[in-house]
Amino acid sequence: MSATVASAVPGPAKNARVALMLGRRRHRVNTIVKLFCILATILGLVLLGSILFTLVWRGMAGLSLVVFTTSTKPPGSNGGLLNAIVGTLIQTAAGTVIGTPIGLMVGTYLAEYGRDSPLAGAVRFVSDVLLSAPSILIGLFVYAIVVEPFGGFSGFAGCVALAVIVVPIVVRTTEDMLRLISPALREAAIGLGAPKWKVIVLICYRSAMDGIVTGVLLAIARIAGETAPLLFTSLGNLNWSISMTQPMASLPVTIYQYAGSAFDDWVQLAWVGALLITLGVLAINIGARLLLNRGK
């Protein structure tokens, strides 16, 4: 019986020498691929470490209390970044608050209701286009529908531009995370008599919470450093202003203006601004992870 089974097995199982050669070749290929993966990982870590080291080295040299207590001033006036920091916080928070619920609802529709319908396909296509569109095009779009009709640059226009960037990111992550949930969870809840909306809110959202929060964090990390959309919407402001109807300062725009300056103090402030954005995004990510872990 065993001889019959062995003779019926195709491939190198009938020839020990061929099996040994194939095993050695696969081992060599596996070793080479693993080596390339390790080298790529090391290269990525070195590049990331060099960026962080440069930011800390160049940014810490100009970090002082004046940066957080004084608004931007002309060169040589010992100015700070207070107005740019507050403007970035306002616009990033408002853009996230506006864009996240929209993206969450659209992603829920695509995963739970629309699925493979023609309308869902069209929405998914538009979302993917927005996800890959250059941010400067979004800035021009918001300039045409908000800045020109309302008569000028404003912080509100900047928030709208950032919200448009947030929406497709949250849509994609929400849909993907909801699709990963086992259908058995939905069927069990529906079998107990729970309505569909309650299944989505109490079961699907809780199961996909980590992925959805990750998507929101990715969106925050992206819009926190966006410059092009804000140049066409909130423009920037060298003076203190938190009015949503007036041009508003932001760290990315200030970095863009200061980095190419001929004045050393402005260039130093540009490095400080880049460091603050990096540390801010890092702090948000760590804080969100700690809150999620504590909730579990």
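Figured I'd write up the structure that's included with this text. A quick note: this is a predicted structure, and the numbers were derived from the prediction, not measured.

Conventions we followed
- Residues numbered from 1 in each chain as written.
- Predicted model: local features only at pLDDT ≥ 70, side-chain atom pairs only at ≥ 80, totals over all residues.
- Heavy atoms only, no water.
- Patch = residues over 30% accessible without salt bridge, like charges linked within 9 Å, V, L, I, M, F, W, Y side chains within 5 Å.
- Areas by Shrake-Rupley, 256 points an atom, 1.4 Å probe, with all protein chains shown as cover.
- Salt bridge = Lys/Arg side-chain N within 4 Å of Asp/Glu carboxyl O.
- Helix = DSSP H or I, 4+ residues; strand = E, 2+ residues; numbered from the N terminus.
- Buried < 20%, exposed > 50% of the residue type's maximum accessible area, 1.4 Å probe, protein only.
- Contact = heavy atoms within 4.5 Å.
- Phe/Tyr/Trp six-rings, centres within 6.5 Å; stacked < 30°, edge-to-face > 60°.
- Lys NZ or Arg CZ within 6 Å of the ring centre and 35° of its normal.
- Expected span 1.5 Å × (residues − 1).
- Axes fitted to C-alpha atoms, helices over the stretch in contact; angles between N-to-C directions.
- Left-handed = near helix turned anticlockwise from the far one by under 90°.
- Nonpolar A, V, L, I, M, F, W, Y, C, P; charged D, E, K, R; others polar.
- 1 Å grid on protein atoms, 1.4 Å probe; cavity = no way out; pocket = protein on both sides within 12 Å on 5 of 7 lines; lining within 4 Å.
- Points joined across faces, edges and corners; volume = space filled by probe spheres on them.

On the surface, Ile32, Leu35, Phe36, Ile38, Leu39, Ile42 and Val46 cluster together into a nonpolar patch covering about 680 Å² of accessible area. Its location among the elements puts isoleucine 42 in helix H2 (residues 16-60). What makes isoleucine 42 partly exposed here is its relative accessible area of 45%.

Turning next to the side chain of serine 135. Along the chain, serine 135 turns up in helix H6 (residues 135-147). In this structure, serine 135 is in contact with Ile165, Arg222, Glu226, Ala228 and Pro229, ignoring residues within four places of it in sequence.

Moving on, we come to the packing of aromatic side chains. We describe a pair of aromatic rings using the distance from one ring centre to the other and the angle between the two ring planes. The final tally for this structure, using the stated rule, is four aromatic pairs. Between the aromatic rings of tyrosine 258 and tryptophan 266, the centroid separation amounts to 4.2 Å while the plane-to-plane angle is 10°, which identifies the pairing as stacked. Across this residue pair, the class does not change: tyrosine 258 and tryptophan 266 are buried. An angle of 70° between the planes, with centres 6.0 Å apart, marks the rings of phenylalanine 263 and tryptophan 266 as edge-to-face. Following the ring pairs from residue to residue traces out a cluster consisting of Tyr258, Phe263 and Trp266. Directly above the ring of tryptophan 57 sits arginine 58, whose terminal nitrogen or CZ lies 5.9 Å from the centroid.

Another point: the pattern of salt bridges. Inspection of every chain in the model, using the stated rule, returns eight salt bridges. Across the salt bridge formed by glutamate 112 and lysine 196, the nearest N and O atoms sit 3.9 Å from each other. In this pair, glutamate 112 sits in helix H4 (residues 82-114) while lysine 196 sits in helix H9 (residues 196-207), placing the two residues 84 residues apart along the sequence. Using a relative accessible area of 5% as the deciding quantity, one classes glutamate 112 as buried. Among the ionic pairs, arginine 179 bridges to glutamate 175, the shortest N-O distance being 3.2 Å. Of this pair, arginine 179 and glutamate 175 both sit in helix H7 (residues 155-179), four residues apart, which is roughly one turn of the helix. You can call glutamate 175 buried: its relative accessible area is 2%.

Between its first and last C-alpha, helix H10 (residues 209-223) extends 21 Å over 15 residues, near the 21 Å set by a 1.5 Å rise per residue. Every buried residue of H10 is accounted for by Gly211, Ile212, Val213, Gly215, Val216, Leu217, Ala219, Ile220 and Ile223.

Let us now look at the packing of H4 against H7. Interhelical geometry of H4 versus H7 gives an angle of 35° and a closest axis separation of 6 Å. In this structure, H4 crosses over H7, and the sense of that crossing is right-handed. Of the residues assigned to the contact of H4 with H7, the class counts are 16 nonpolar, twelve polar and three charged.

Following the sequence through the fold, threonine 96 ends up in helix H4. Residue class for threonine 96 comes out buried when judged on its relative accessible area of 14%. Setting aside its immediate chain neighbours within four residues, threonine 96 contacts Pro101, Val166, Val216, Ile220 and Ile223.

This part takes up the layout of surface pockets. Of the voids in this model, the largest pocket is the one considered here, and its volume is about 300 Å³. Only H4 and helix H13 (264-295) provide two or more residues apiece to the lining of the largest pocket. Each residue belonging to the lining of the largest pocket can be placed in one class, and the counts come to twelve nonpolar, four polar and no charged. Lining the second largest pocket are 13 residues, and of these Val67, Asn78, Gly79, Asp265 and Leu269 lie nearest its centre. Breaking the lining of the second largest pocket down by element, the ones donating at least two residues are helix H3 (65-69) and H13. A per-element tally of the lining of the second largest pocket places H13 first, with five residues. In terms of residue class, the lining of the second largest pocket is built from six nonpolar, five polar and two charged.

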